Amino acid sequence: MIKKIESIKEFGIYKNFNWATSLDIKNFNHKNLFYGWNYSGKTTLSRIFSSLRDKKIHEGYEKGKFKIKTSDGDFDSSDLELFPYDLLVFNSDYIKDNLNFSIHKDDISDSKTILFEVGENVKHQTKINNLQAEIDSINGTESIIGKKDKFLDEIEEFGIYDKPNSGKFTLLAREIKNQHFDSIIDFTKTNLKHIIPKVKESLSTHIIRNNKQLARLRVIVITKEPRDELDEIQINFSYSEIIEKTNKILSSIPDKNKLDKILDKNTEAYSWVKKGQELNKANNKCLFCGNIINEDRIRFLTKYFNSQAANLKEDVDVVRQLIFEEQNKIKTINIPSSSNDFNLGYIDEYKVLKKQFDKITGSYKKHLNLILSKLDNKLNKSLYLSVNNVLDFKNVDVINSIKQINEHIIKNNDFTKGFQHRIESERTFYKNHLVASFLKSEKYNLKEKKYKNALVEVEKLNTRIQEIDKEILFYESKKFSDEEGALQYTYFIQSFLNREDIEIKLDHATKQFKLLRNNENASNLSEGEKTAIAFSHFLVSIKAIESKGKFKDYIIFVDDPISSLDGNHVFQINSLLKEVFFTNDNPGNEWKLKCNQLFLSTHNFEFFNLMRELPMDKPNKESKYYIERSFVDNTATIKPLPLILDKFKSEYHYLFKEIFDFSILRKPLKSEKLLLIPNILRRFLEMYTLTKYPSTDNVDRRADKIFTSEISKRICKPFHYFSHFNNIDRIGKQSEFVADIPVACKELIKQIKKDKLHFEALKNAVNK
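Before going into details, it helps to say that this report is about the structure given with it.

Calculation rules
Residues numbered from 1 in each chain as written. Predicted model: local features only at pLDDT ≥ 70, side-chain atom pairs only at ≥ 80, totals over all residues. Heavy atoms only, no water. Helix = DSSP H or I, 4+ residues; strand = E, 2+ residues; numbered from the N terminus. Contact = heavy atoms within 4.5 Å. Areas by Shrake-Rupley, 256 points an atom, 1.4 Å probe, with all protein chains shown as cover. Phe/Tyr/Trp six-rings, centres within 6.5 Å; stacked < 30°, edge-to-face > 60°. Buried < 20%, exposed > 50% of the residue type's maximum accessible area, 1.4 Å probe, protein only. Lys NZ or Arg CZ within 6 Å of the ring centre and 35° of its normal. 1 Å grid on protein atoms, 1.4 Å probe; cavity = no way out; pocket = protein on both sides within 12 Å on 5 of 7 lines; lining within 4 Å. Points joined across faces, edges and corners; volume = space filled by probe spheres on them. Nonpolar A, V, L, I, M, F, W, Y, C, P; charged D, E, K, R; others polar. Axes fitted to C-alpha atoms, helices over the stretch in contact; angles between N-to-C directions. Parallel < 35°, antiparallel > 145°, perpendicular 65-115°, else oblique. Left-handed = near helix turned anticlockwise from the far one by under 90°. Pairing = 2+ DSSP bridges. Polar contact = N/O pair within 3.5 Å; in protein donor to acceptor, adjacent residues only side chain to side chain. Core = buried A, V, L, I, M, F, W, Y, C linked by side-chain atoms within 4.5 Å. Expected span 1.5 Å × (residues − 1).

Per the secondary structure count, the protein includes 28 helices and 16 strands. When contacts within the protein are restricted to residue pairs at least 6 apart in sequence, long-range pairs at least 24 apart make up 73% of them. Just so you have it, the protein exposes about 41700 Å², and 49% of that area is on carbon and sulfur atoms.

Below you can see the structure in the form of C-alpha cells.
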C-alpha cells in the first residue's frame, strides 16, 4: 500500500511539494479522497500514479521527480521499474488512450460510431495500438513525419545522381562532352563514374585554382591535330662592343695643331676628301676636277688623315657600321611570325612574350639611334670636347626575352612531338578537375556519407518493423471478444446515463464492439456521453481483472469521473463506485474495499460528499485531502481537508461562506483565492437562481429574472470569463476583468440581503 508521497519536484504545477512540511497531514489510507477546484492539480497528481503504473515518467514530465513511501519500501522516479504494485488510473488521458472514436461503415449505415475492446482485450488492443503507433512513427502518416522520412530523403537526394537519363551524373557527362570538349571525345555517365573514386578522396588536389592555367587547359584539350615544330631564335648581339667603342669616342679629344677647319667641321667634305686622297695617291691630276695636285697638299692630307681627329672619325664609322648591323639583326631575327604557328594552349602565352619582346627591342632600337645621334654630335659639334658617356642599356632584358620565347617554343615543340600522350594527359587532368569541382560544389562526399548511414538506419528501422509485425500478430492471436463483455459494457453505460436506449453489441466480423442508440449506430456524442462511455470502459476492465481474482492486489486512482456530466448523473456514478469497489459479502456484513487501495478526486463538492459516504468498515481507514493552487507562485500543494469543508456537507453553504468572506476583504485583489472566486461564484449562482426561479433556463436568464438584466450582467461577467478557458492569449497575460471579481461578489451579497430570511439562514449555517 502507498503510505505517502514524500516529495514532488518540477512535476507540472507541483514545483516543490514536501509531505513533511504540510501541517497535520495524515498518511494515505485504504480509501483516499481529494477535493480541489478545476486546474488546481488533480489530474497532474493522477499522472504521478500513471507513472507508477507504466514504470516510467509520464510523457511531458521528464524533468519531474518524486519519492513514494510504501509498505514495501521507498521508491522514487529513478527506479520506477522496481515499483511492486499494479495500478489502474482513470483520468482524461485514459479516454484518449483507450477509446477509438472512429468511423465505422456497415451494410446498413454509413453513420459514425465507436469501436471498443473490453476485458483482457483492452490490454491487448492497447498494446497493438501502441505497436502500430510505433510503426506509424517509423513509416510516417499523413499527419506524422516518420523516423524513416529523414533517411529516405537523404537516400532519394543521393539517388538523383545516378538516376537513369535525367540524373545529375548523366547531365554532367553530357555537359563535359559537349561544352567542355566540343563533342570531340566520347564521354558518358560510365566514364564519369570511373573518375569519381579517383578524385573524391582528395578533391582539392584535383581542382585547378590558377585561372591562367585553367584557361590554357580549356583550350588545349580541344586540340585535334598538333602544329609543326618551330625553330628556336638564333641571334648574337654586339652591344658590349658598340657601347665600349662609343664611350671611348665620346671621351676622346684630338690634337688641335693638326687642324683643318673645313674637314673638321664638315663631315661630308671630310669623307669626300678622304676618298679622293685614297684614289689620287698614284696620280698627278685630280680624278674629280683634272687639276694638278700639289705635293704639299698631298702631304698635308696624308698627315691630316693620319692624325687623332681623322682616326676618331674612322672610329665613328666603325661604330656606326656595328649599329647598322645590330639593327639589321633585330629586323631579320627568326622569331615566329604568327601566334597561330603555336599549338592551342600555347598561343596566349606567346602573345604575351611577343608583346614583351617587341617592347624591349623597340627600346633597344631607340637606344641604338641615341648612340648614333651622340656620335654625330661628337663629330659635328664637340670633336675637341669630352662628351658624357652613353648610359648602358639593359641588353640582358632582350636576351632574357628571347630566352623565354625559346623556352616556350621548346614546350610547344615537345607538345607536338608527344601529342597523343600529352593530349590524353591534359584531357584526363581537365576531366578530373571538372568532376572534382562538381563533387565539391554538390557536397557529394557529405551526401554519400549520409546516404550510406541512411541505408544502415533504414535497414535497422525495417528490421524493427518486422519485429513489431510479429508482436502484433502475437497479441492479435491473444485477443478475444465475447457477448459477456458487451453485456457488462451496456449495463455500466445505461447505469451511468440512466437510459436504456443505448447498448453495446459485438461485431462478429471485426471482433470489436459497436455503440448503438435505438439499434442504430450512435453518433454525435456529447462530452458527457463520452465520459460515461470511457468510465464504463474502465469499469469493464476492472471486471475482467476481478474475474481472474487479481483485483484485490490493485491500487486504483479515479480522477473526476463526473467531468462534463451534469448533476443528474452524480448519484448514478456514486452508486456504481459503491458496486464496483466495495463489498459486504462476508460473514460479518462489513463493508470493505475490493481492491488494495482506492484514490478518488473531484472538483464537485456534492460528489465529494457522496464519496465520503462510500462505505468502509472503520472510519480510520479513510483519509481526506485538499489540493490547493497558489496563484502567487503558481504551485500546487496537498493539504489535509480544511475543517470548513469537512464540517459542511452542503456545498451551497460552503460556497456562500467563501463569497461572503471575500466580499468583506479590505484588499480583495491581493487574495490568493482571487482567481478561484469566479468558479465559486458560478456554482453558487446556479444553485441560488434555481431555488429562487426553478426553470429550464440557463443561469444567465434566471439571474435576469431575479436581479434585472443590468445587475445580472454585473454579477455574471467575471465568472463567464474566468471559469472557462477559451482563449490561448490568456496564457501569456492577465485580464483587466480581474477587477470585476470583487464588484460581482459585493453586488451578489447586496442582492441576497434583500431576501432577509434566506440571507439570515445562510449566515447562521456558516456561523456568521
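After that view, the rundown keeps rolling.
Before going further, it helps to spend a moment on the packing of aromatic side chains. Under the defined criterion, the tally for this structure stands at 47 aromatic pairs. Between F656 and F684 the ring centres are 6.2 Å apart and the planes differ by 40°, which places this aromatic pair in the tilted class. Note that F656 is positioned in helix α23 (residues 651-663) and F684 in helix α24 (residues 677-692), a separation of 28 residues in sequence. Considered together, F656 and F684 belong to a single accessibility category, that of buried residues. Their ring planes at 10° and their centres at 6.0 Å tell us that F684 and Y688 sit as a pair that is stacked. A residue pair is termed a helical-turn pair when its members lie 3 or 4 positions apart in one helix, as F684 and Y688 do in helix α24 at 4 residues. You can call F684 buried: its relative accessible area is 0%. What makes Y688 buried here is its relative accessible area of 2%. Members of the aromatic cluster, joined through ring pairs, are F17, W19, F28, F34, F49, F557, F599 and Y625. It is R216 that lies over the ring of Y346; its NZ or CZ is 5.0 Å from the centre.

Attention now moves to empty space enclosed by the protein. Applying the stated criterion across every chain yields a total of 1 cavity of 30 Å³ or more. Counted as a void, the largest cavity has a volume near 50 Å³. As for the largest cavity, its lining consists of W37, N38, Y39, S40, Y626, I627, E628, R629, F631 and L676. Class assignment of the residues belonging to the lining of the largest cavity gives a composition of 6 nonpolar, 2 polar and 2 charged.

Here we come to the packing of helix α5 (residues 168-180) against helix α16 (residues 419-441). Packing of α5 against α16 brings their axes to within 12 Å, and their N-to-C directions diverge by 140°. One way to sum up the angle between α5 and α16 is to call them oblique. By crossing handedness, the relation of α5 to α16 is classed as right-handed. Of the residues in α16, those in contact with K168, F169, L172, I176 and H180 of α5 are Y430, L434, V435 and F438. Looking at the contact of α5 with α16, its residues break down into 7 nonpolar, 1 polar and 1 charged.

Think of a sheet as strands paired side by side through backbone hydrogen bonds, with each pair either parallel or antiparallel. Strand order in the open sheet made by the 4 strands is β2-β1-β4-β5, with antiparallel pairing throughout. Looking along the sheet, the strands with just one partner apiece sit at the ends: β2 (14-18) and β5 (73-76). Across the sheet, the mean angle from the axis of one strand to that of its neighbour is 20°, orientation sign disregarded. Across 4 bridges, strand β1 (residues 2-11) lies against β2 in antiparallel orientation. Across the sheet, I8 pairs through a bridge with F17, a residue of β2. Packed on one face of the sheet, helix α1 (residues 42-54) meets β1, β2 and β4 (65-70) and runs near 110° to β1.

Looking now at the environment of R612. On the secondary structure map, R612 appears in helix α21 (residues 605-612). Taking C-alpha positions, R612 is 8.6 Å from E622, a pair spaced 10 residues apart along the chain. In this structure the side chain of R612 is engaged in a polar contact, spanning 2.3 Å, whose partner is the side chain of N609.

The subject of this paragraph is the sheet that holds strand β3 (residues 31-35). With respect to topology, 6 strands assemble into an open sheet ordered β6-β11-β14-β3-β15-β16, the strand pairing being mixed. Both edges of this open sheet fall to β6 (86-90) and β16 (635-640), since each of them pairs with a single strand only. Sheet twist, expressed as the average angle between the axes of neighbouring strands with direction ignored, equals 15°. Strand direction decides the pairing type here: β6 and strand β11 (residues 554-559), joined by 5 bridges, are parallel. The partner of D86 across the bridge, within β11, is Y554. Across the sheet, α1 touches β3, β6, β11, β14 (597-602), β15 (622-630) and β16, and the angle it forms with β6 is around 150°.

This paragraph deals with the packing of helix α27 (residues 740-753) against helix α28 (residues 756-765). Running from N to C, α27 and α28 point in directions that differ by 115°, and their axes come no closer than 7 Å. Counting all contacts with α27, which are made through I749, I752 and K753, the residues of α28 involved are K756, H758, F759 and L762. For the contact of α27 with α28, a count of residues per class yields 4 nonpolar, 1 polar and 2 charged.

Further remarks concern the pairing of β1. For a regular strand, side-chain orientation follows a simple rule: the groups alternate between the two sheet faces. Pairing geometry for β1 and β4, over 6 bridges, is antiparallel. Across the sheet, residue I2 finds its bridge partner in β4, namely T70.

As a further point, take the nonpolar core. Counting residues in each nonpolar core, the largest one holds 82 residues, and the members touching the most others are Y35, F538, L539, I556, F581, F684 and L748. F538 has contacts with L88, V89, F90, Y94, I556 and V558, leaving out every residue within four places of it along the chain. By size, the runner-up hydrophobic cluster in this structure holds 41 residues, among which are L250, Y346, L379 and I409.

Bringing the environment of I545 into the picture now. Along the polypeptide, I545 turns up in helix α19 (residues 527-547). Setting aside anything within four residues of it in sequence, one finds I545 in contact with L88, K550, F551 and Y554.

The first and last C-alpha atoms of α23 sit 18 Å apart over 13 residues, in line with the 18 Å expected at 1.5 Å per residue. For α23, the buried fraction is high: 12 of the 13 residues fall into the buried class. Within the span of α23, buried status applies to E651, Y652, Y654, L655, F656, K657, E658, I659, F660, D661, F662 and S663.

Shape is all these values report; function is a separate question.
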